[in-house]
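# Understanding the architecture of this molecule
Chain residues, written in single-letter form:
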Amino acid sequence: MAVRPARGVLSLSFDDIPMSAWTEAGPVLAQHGVQATYYVCGGLAGGRNLDLPQFETEHLQALHAAGHEVGCHTYEHASVLRLSPTELAASLERNARWVSERLDGYRMTTFAYPFGDCALEAKPVIAGRFDLGRGVRDGINAGRADRANLQAIGLESRRLPGYDLEALVQQTADSRGWLIAYGHDVSDRPTPYGCTVEDLDRLIRLARAADLDIAPVGEAWGRMGG
């Protein structure tokens, strides 16, 4: 697909939806007046993942009501490497029904691969059902990008030290590209897959200083004519 926004874009996203991705990150997003994309697995609701409490249905409904996008992450948080195309399609359909029943018929239009795993036989399934699929390959989407496996950077404590965020944000602005960041939990002591409130706040402030547009994944794609 072509990536040609009027100006550089940042999209923030959270996978799995640990409870803190809403209770801690939600107020930061509200303070800045920005929306994010939350990639949900219905099968994780009310449970634990990485020994962290996951979202409850009321959290999902609250973030949806606040204007955030809800995207698909399979129903059971399954790697597509272990699912046949038929099994993957069944998982996506189950997740779609689960979300629709709780969000008044809401239809998810974007997808993120659990664990970042992508497979050639899975991509046609994703491309046929969703506008976009997001992976975890490091980089900025600029010029042309793979619609079924968009690049992103990890808003994660294990990855952040390896990034020059100022340079990435400026490169996004200069190239009129699309920078997508993904994370999980948000706390003072995040897992290797999460970040702190300060990390999230810093990235938003850097994007604003560089005059990036900030929008959820699906909305950003729509602004580009998708």
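One can find the structure itself at the top, above this paragraph.
Okay, so let's go over this structure. (Residues numbered from 1 in each chain as written. Predicted model: local features only at pLDDT ≥ 70, side-chain atom pairs only at ≥ 80, totals over all residues. Heavy atoms only, no water.)

Right, let's talk about the packing of helix α2 (residues 25-32) against helix α7 (residues 197-209) for a bit. Taken N-terminus to C-terminus, the directions of α2 and α7 make an angle of 25°; their axes are 10 Å apart at the nearest point. Classified by the angle between their axes, α2 and α7 sit roughly parallel to one another. Crossing of α2 against α7: the hand is right-handed. In contact with Ala25, Val28, Leu29, Gln31 and His32 of α2, α7 contributes Val197, Leu200, Asp201, Ile204, Arg205 and Arg208. Residue composition of the contact of α2 with α7, by class: six nonpolar, two polar and three charged. (Axes fitted to C-alpha atoms, helices over the stretch in contact; angles between N-to-C directions. Helix = DSSP H or I, 4+ residues; strand = E, 2+ residues; numbered from the N terminus. Parallel < 35°, antiparallel > 145°, perpendicular 65-115°, else oblique. Left-handed = near helix turned anticlockwise from the far one by under 90°. Contact = heavy atoms within 4.5 Å. Nonpolar A, V, L, I, M, F, W, Y, C, P; charged D, E, K, R; others polar.)

Interaxial distance between helix α6 (residues 165-175) and α7 falls to 9 Å at its minimum, and their mutual angle equals 40°. Considering the relative orientation of α6 and α7, their crossing is right-handed. Residues Leu165, Glu166 and Val169 of α6 pack against Arg202, Leu203, Leu206 and Ala207 of α7. Along the lines of polarity and charge, the residues of the contact of α6 with α7 split into five nonpolar, no polar and two charged.

Inspection of the entire model under this criterion finds zero disulfides. Its sulfur unpaired, Cys118 is 14 Å from the next cysteine sulfur, which belongs to Cys72. Cys195 takes part in no disulfide bond, and the closest cysteine sulfur to it belongs to Cys41, at a distance of 18 Å. Accessibility expressed as a relative area gives 1% for Cys195, which makes it buried. (Disulfide = S-S within 2.5 Å. Buried < 20%, exposed > 50% of the residue type's maximum accessible area, 1.4 Å probe, protein only.)

What follows covers the pattern of salt bridges. On inspection of all chains with the given rule, the structure shows 13 salt bridges. Of the charged contacts in the structure, one is a salt bridge between Arg129 and Glu93, with a shortest N-O distance of 2.8 Å. Taken together, the residues span a long stretch of sequence, with Arg129 in helix α5 (residues 123-129) and Glu93 in helix α4 (residues 85-102) at a distance of 36 residues. With a relative accessible area of 30%, Arg129 lands in the partly exposed category. When its relative accessible area of 33% is taken as the criterion, Glu93 is described as partly exposed. Among the salt bridges present, the one from Glu101 reaches Arg102, with a minimum N-O distance of 3.4 Å. A relative accessible area of 62% means that Glu101 is categorised as exposed. Arg102 sits in the partly exposed class, given a relative accessible area of 26%. (Salt bridge = Lys/Arg side-chain N within 4 Å of Asp/Glu carboxyl O.)

Turning our eyes to something else, we now look at the environment of Ser79. Structurally, Ser79 can be placed in the loop between β6 (69-72) and α4. For the pair Ser79 and Phe115, spaced 36 residues apart in the sequence, the C-alpha separation amounts to 6.6 Å. The contact partners of Ser79, leaving out residues within four places of it in the chain, are Pro114, Phe115 and Asp117. Of the polar contacts made by the side chain of Ser79, one reaches the backbone nitrogen of Leu81; its length is 3.1 Å. (Polar contact = N/O pair within 3.5 Å; in protein donor to acceptor, adjacent residues only side chain to side chain.)

Attention now moves to α6. Taken as a whole, α6 has its buried residues at Leu165, Leu168, Val169, Thr172 and Ala173. Each buried residue of α6 lies within a common arc of 135° when the element is viewed along its axis, so the set occupies one face. Of the residues trailing α6, Arg176 is marked for its positive phi of about 50°. (Arc of directions from axis to C-beta.)

Take the pairing of strand β2 (residues 9-15) next. Of all seven residues in β2, seven are buried, a share of seventy percent or more. Across the two faces of β2 the burial is the same, with Val9, Ser11, Ser13 and Asp15 and Leu10, Leu12 and Phe14 all buried. Of the pairings in the sheet, the one linking β2 to strand β11 (residues 178-183) comprises six bridges and is parallel in character. The residue bridging Val9 from the neighbouring strand is Trp178, located in β11. Of the pairings in the sheet, the one linking β2 to strand β12 (residues 213-214) comprises two bridges and is parallel in character. For Leu10, the partnering residue across the bridge sits in β12 and is Ile214. In this structure, β2 lies alongside strand β3 (residues 37-40), joined through three bridges in parallel fashion. Across the sheet, Phe14 pairs through a bridge with Tyr38, a residue of β3. (Pairing = 2+ DSSP bridges.)

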